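# Structural characterization, general
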Amino acid sequence: MSEWPRQPLVELATVTMGQSPDSAAVNGTEAGLPFLQGCAEFGERFPSPRLHCSPPLRVAKAGSTLISVRAPVGTTNRADQDYCIGRGLGAVLAKAGVADDVFLLHAIEANLEFLHRRSQGSTFLAISSKDLYSLPVPAPSLPTQRRIAEILSTLDEAIEQTEALIAKMQQVKAGLMHDLFTRGVTPDGRLRPTREQAPELYKESPLGWIPREWEIEKLGDLCDVTKLAGFEFTNVIRYRDDGEIIALRALNIKNEELNLTDIQRISRHVSDSLPRSKVRAGDVLITYIGAYIGDVLLVSESDKYHLAPNVARITLQRKVNGRYLESTLRSSFIRSQMSSLTAVTATPSLTMTQIRKLLIPYPTGKAEQHKIEMALSEAANSIKSERMQLELLQMQKHGLMHDLLTGYTPV
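Scope of this entry: the structure provided in the associated data block. On a predicted model such as this, the values are computed, not experimentally measured, just so you know.

Scoring rules and cut-offs
- Residues numbered from 1 in each chain as written.
- Predicted model: local features only at pLDDT ≥ 70, side-chain atom pairs only at ≥ 80, totals over all residues.
- Heavy atoms only, no water.
- Phe/Tyr/Trp six-rings, centres within 6.5 Å; stacked < 30°, edge-to-face > 60°.
- Helix = DSSP H or I, 4+ residues; strand = E, 2+ residues; numbered from the N terminus.
- Buried < 20%, exposed > 50% of the residue type's maximum accessible area, 1.4 Å probe, protein only.
- Lys NZ or Arg CZ within 6 Å of the ring centre and 35° of its normal.
- 1 Å grid on protein atoms, 1.4 Å probe; cavity = no way out; pocket = protein on both sides within 12 Å on 5 of 7 lines; lining within 4 Å.
- Points joined across faces, edges and corners; volume = space filled by probe spheres on them.
- Nonpolar A, V, L, I, M, F, W, Y, C, P; charged D, E, K, R; others polar.
- Salt bridge = Lys/Arg side-chain N within 4 Å of Asp/Glu carboxyl O.

Below, the discussion takes up the packing of aromatic side chains. Per the stated rule, a full pass over the model turns up two aromatic pairs. Ring geometry for Phe 181 against Tyr 324: centres 5.6 Å apart, planes inclined by 65°, an arrangement best described as edge-to-face. Here Phe 181, found in helix H5 (residues 142-183), pairs with Tyr 324, found in helix H9 (residues 322-329); they are 143 residues apart in sequence, far enough to count as distant. On the accessibility criterion, Phe 181 (2% relative accessible area) is buried. Clustering of aromatic rings is evident, with ring pairs tying together Phe 181, Tyr 324 and Phe 333. For Arg 118, the ring lying beneath its charged end belongs to Phe 114, and the centroid distance is 3.6 Å. Cation over ring: Arg 195 sits above Trp 209, and NZ or CZ is 4.1 Å from the ring centre.

Shown next, in the form of structure tokens:
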């Protein structure tokens, strides 16, 4: 099937560019219309305004597509009510009998590269009304537009429902982690009764009440904590495209997974010359500086990775299991310890001394550690499964947007 004919957006819709109102008109008393200066208050689908404006200068009508016309150019939302819009936004409202608002939202999102190209070449990224007016969008018949909008909206709803389910499951997991690391589990795999129910099962500790069978030790007393020495990095390591060993950086350890989409390598010879900072199966890695501070990962393979700057290696001794320690370092009470120690600077960081002083609670019995690991692993796998489903839905939508909005797939 041939592609749909394309027309400038202004032929299918009324385009309203925002304008900054007088500061005296903007208020927090809900007088006038909800006010959006830019996309800072955009949500997943609809905005969440904090201010109002009376009288409003430029109005985005309910049903409009709201689009950011200043950096970041192209971010979109839908207007679930009338809004006063400032200079950072434009509003696109379908012309009655000509176009469908939901269809136009998807058509705009599918052709944002057109706007991105026109926002280049200036210090401050922005597009003009002329750029938005001339945005080429497909123009099938109105019934076809509505059918395409229905199909894509169904996928949007499935994506939103999956995202909401993941958020709920993450909350459940957080609650489970709190219970497991404060109450532990009995030999039959059940949570211990609470301290209120059975105070004799608990004892006081620097981290609060913990089960009597548990101990608390500093991480440095439980494990060996090592980082890549500065002189090793500056004087010895040279990254190579053809190196055999992956140098793990902080950006490779995020979202509780090993992310190898952006990697750097070193030669095996260099890695072998720095045995103290080689990574082996069973080691736990933790980032200690920058945006990814405190991310943790248990390594499952040997002779494949080496430390890069900003990542420390924790080599376990016999008192704790690797999976148990990995989960403990992700828990809220370890995070709170990290937060209290993190240097308040433009680039947050932890020293090796501070990492070694982190207090780790643990059951003295490996069987209980294993049961805690299994409970958390089950919760994590459920979340991972839903994330995979979310990625599948997003890929499906991306493919359908291309096929439907070009006319490649008939509707």
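Now that the structure has been shown, the text picks up again.
Let us look at the layout of surface pockets. Estimates place the volume of the largest pocket at around 920 Å³. Along the walls of the largest pocket sit 32 residues, with Lys 173, Glu 256, Glu 326, Arg 330 and Ala 380 positioned nearest its centre. For the lining of the largest pocket, the element with the most residues is helix H12 (residues 366-406), which contributes eight residues. In this structure, the second largest pocket occupies an estimated 490 Å³ of space. Glu 44, His 106, Glu 109, Asp 156 and Lys 397 are the residues nearest the centre of the second largest pocket, which is lined by 19 residues in total. Listing elements by their share of the lining of the second largest pocket, those giving two or more residues are strand E8 (76-78), helix H2 (101-110), H5 and H12. Examining the composition of the lining of the second largest pocket, we find that five residues originate from one element, H5, more than from any other. Split by residue class, the lining of the second largest pocket holds five nonpolar, six polar and eight charged.

What follows covers the pattern of salt bridges. Within the structure shown, the criterion is met by 20 salt bridges. Of the charged contacts, one joins Glu 217 and Lys 319 as a salt bridge, the two residues approaching to 2.8 Å between their closest N and O atoms. With Glu 217 in strand E14 (residues 214-218) and Lys 319 in the loop between strand E24 (311-316) and H9, this pair connects stretches of sequence that are 102 residues apart. Residue Glu 217 is classed as buried on the basis of its relative accessible area, which comes to 18%. Linked by salt bridges that have partners in common, Lys 173, Glu 256, Arg 323, Glu 326 and Arg 330 make up one network.

What is expected of a backbone is that most residues other than glycine have negative phi and most peptide bonds are trans. Following Ser 54, the chain continues into Pro 55 via a peptide bond in cis, with omega recorded as -5°. In this structure, Pro 55 sits in the loop between strand E5 (51-53) and strand E6 (59-60). The linkage connecting Ala 71 with the following residue, Pro 72, adopts the cis geometry, with an omega of 0°. When you line up the elements, Pro 72 lands in the loop between strand E7 (65-68) and E8. Positioned with a positive phi, Glu 30 is a non-glycine residue whose angle comes to about 65°. Checked against the element boundaries, Glu 30 lands in the loop between strand E3 (26-27) and strand E4 (33-36). Residue classification places Glu 30 among the exposed positions, given a relative accessible area of 62%. A positive phi angle, near 60°, is found at Asp 303, a position not held by glycine.

Keep in mind these values describe shape, not function.
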